[in-house]
Amino acid sequence: MNSIRCKVEQLAPFNDAVYQVTLRPERPFEFAAGQYLSIVMGEKDKRPFSIASAPGSELLELHIGAAVSESYPMQVVELLREQGEVLIEAPAGNAFLRHESHRPRILIAGGTGFSYIKSIVEQQIALAQNVETTLYWGCRTPSAMYYESIARQWHDAYPWLHFVPVVEEAPADWNGRTNRLLDQIKQDFVSISGYDIYIAGRFPMVGAARELFREMGVEEQHLYGDAFAFIK
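All of these numbers come straight from a predicted model, not from anything done at the bench.

Here is what the cut-offs are and how they apply
- Residues numbered from 1 in each chain as written.
- Predicted model: local features only at pLDDT ≥ 70, side-chain atom pairs only at ≥ 80, totals over all residues.
- Heavy atoms only, no water.
- Domains from an automatic or database assignment.
- Buried area = accessible area lost by both parts, 1.4 Å probe.
- Salt bridge = Lys/Arg side-chain N within 4 Å of Asp/Glu carboxyl O.
- Helix = DSSP H or I, 4+ residues; strand = E, 2+ residues; numbered from the N terminus.
- Nonpolar A, V, L, I, M, F, W, Y, C, P; charged D, E, K, R; others polar.
- Buried < 20%, exposed > 50% of the residue type's maximum accessible area, 1.4 Å probe, protein only.
- Expected span 1.5 Å × (residues − 1).
- Contact = heavy atoms within 4.5 Å.
- Pairing = 2+ DSSP bridges.
- Axes fitted to C-alpha atoms, helices over the stretch in contact; angles between N-to-C directions.

### Quick notes on the domain arrangement of the protein
For step 1, the next point in the chain: Along its sequence, the protein is organised into domain 1 (2-92) and domain 2 (105-229).
For step 2, the next point in the chain: Each of domain 1 and domain 2 has a C-alpha centre, and the two are 23 Å apart.
For step 3, the next point in the chain: Around 1,300 Å² of area is buried between domain 1 and domain 2 when both sides are counted, 56% of it from carbon and sulfur atoms.
For step 4, the next point in the chain: Of all residues in domain 1, the largest losses of buried area upon contact with domain 2 belong to Phe14, Gly34 and His63, amounting jointly to 32% of the total for that side.
For step 5, the next point in the chain: Linking domain 1 to domain 2 there are 1 salt bridge.
For step 6, the next point in the chain: The closest approach of N and O atoms between Lys118 and Glu61, which form a salt bridge, is 2.7 Å.
For step 7, the next point in the chain: Looking at the side of domain 1 that touches domain 2, the elements with two or more residues in it are strand E2 (18-25) and strand E5 (60-65).
For step 8, the next point in the chain: The greatest single-element share of the side of domain 1 that touches domain 2, amounting to 3 residues, is contributed by E5.
For step 9, the next point in the chain: A class-by-class count of the residues in the side of domain 1 that touches domain 2 yields 9 nonpolar, 7 polar and 2 charged.

See below:
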């Protein structure tokens, strides 16, 4: 793992709860799509965030969910804003894209877990892969789906990618599914045997997903999510 100083190029809100951050590392480093970095707040305080940009990008992109009520990520936003630069440690994570696999893929994001999925999709595009891919993004409301526009662009531009936006509460004109994220996946698939599955989101959701997927025939060696390292 490398320690790299980065300049903060951009810090802008997607909405009232999520910030888009772009960092310029002082030197390039290699990482795999779906890996994460840690922002060094102190010697024993290193906070992980998925890298939203694909490998080979000049800048690193992060999506930081930092509602005012959540001090842990908000402290990171304030540090970036005040200092204009930051020390990171990278890369880390074993849930990276297995690009050599040609099995169909299911990508699952809860909230800012979309940052993890974005890196994977952009790498598939960069590699000109056409592996059948279904992308689920679950949020509480449409307004929380902070980068819906890019996901819909992928859906329209690439026949192999199918975007399924899922929200729990929606107005009548919502162009997507109204459901709980895992309930929607259970409704759409009888079995998920034969798929490579990539997932990121809050630990309770990811843990519940693993239990559901076991019932649906998942081959766990093809189930990728860094949260599993922390969930018993």
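### Points about the side chain of Ser119
For step 1, the next point in the chain: Take Ser119: it is sitting in helix H2 (residues 114-126).
For step 2, the next point in the chain: A relative accessible area of 0% places Ser119 in the buried class.

### Brief notes about unusual backbone geometry
For step 1, the next point in the chain: Here the residue pair Ala90 and Pro91 is connected by a cis peptide bond, since its omega of -5° sits within 30 degrees of zero.
For step 2, the next point in the chain: Checked against the element boundaries, Pro91 lands in strand E6 (residues 85-92).
For step 3, the next point in the chain: Positive phi is not limited to glycine here, since Ala128 has a value of about 55°.

### A few points about helix H5 (residues 203-215)
For step 1, the next point in the chain: In this model H5 runs 19 Å from its N-terminal to its C-terminal C-alpha over 13 residues, within 8% of the 18 Å that 1.5 Å per residue would give.
For step 2, the next point in the chain: Restricting attention to buried positions, one finds in H5 the residues Met205, Val206, Gly207, Ala209, Arg210, Leu212 and Phe213.
For step 3, the next point in the chain: Against the buried residues of H5 lie strand E7 (105-110), helix H4 (181-188), strand E11 (196-200) and strand E12 (223-224).
For step 4, the next point in the chain: Positive backbone phi, approximately 85°, marks Gly217, located one or two places after H5.

### Some words on the sheet that holds E12
For step 1, the next point in the chain: Read from one edge of the open sheet, 6 strands run E10-E9-E8-E7-E11-E12, paired in parallel fashion. Whereas interior strands pair on both sides, the edge strands pair on one side only; in this sheet they are strand E10 (177-178) and E12.
For step 2, the next point in the chain: Here E11 runs beside E12; their pairing, made up of 2 bridges, is parallel. Of the residues in E12, the one forming a bridge with Tyr198 is Tyr224.
For step 3, the next point in the chain: Helix H3 (residues 148-157) contacts strand E8 (133-139) and strand E9 (161-167) of the sheet and is inclined by roughly 145° relative to E9.
For step 4, the next point in the chain: Along the sheet face, H4 touches E7, E8, E9 and E10 and points at about 150° away from the line of E8.

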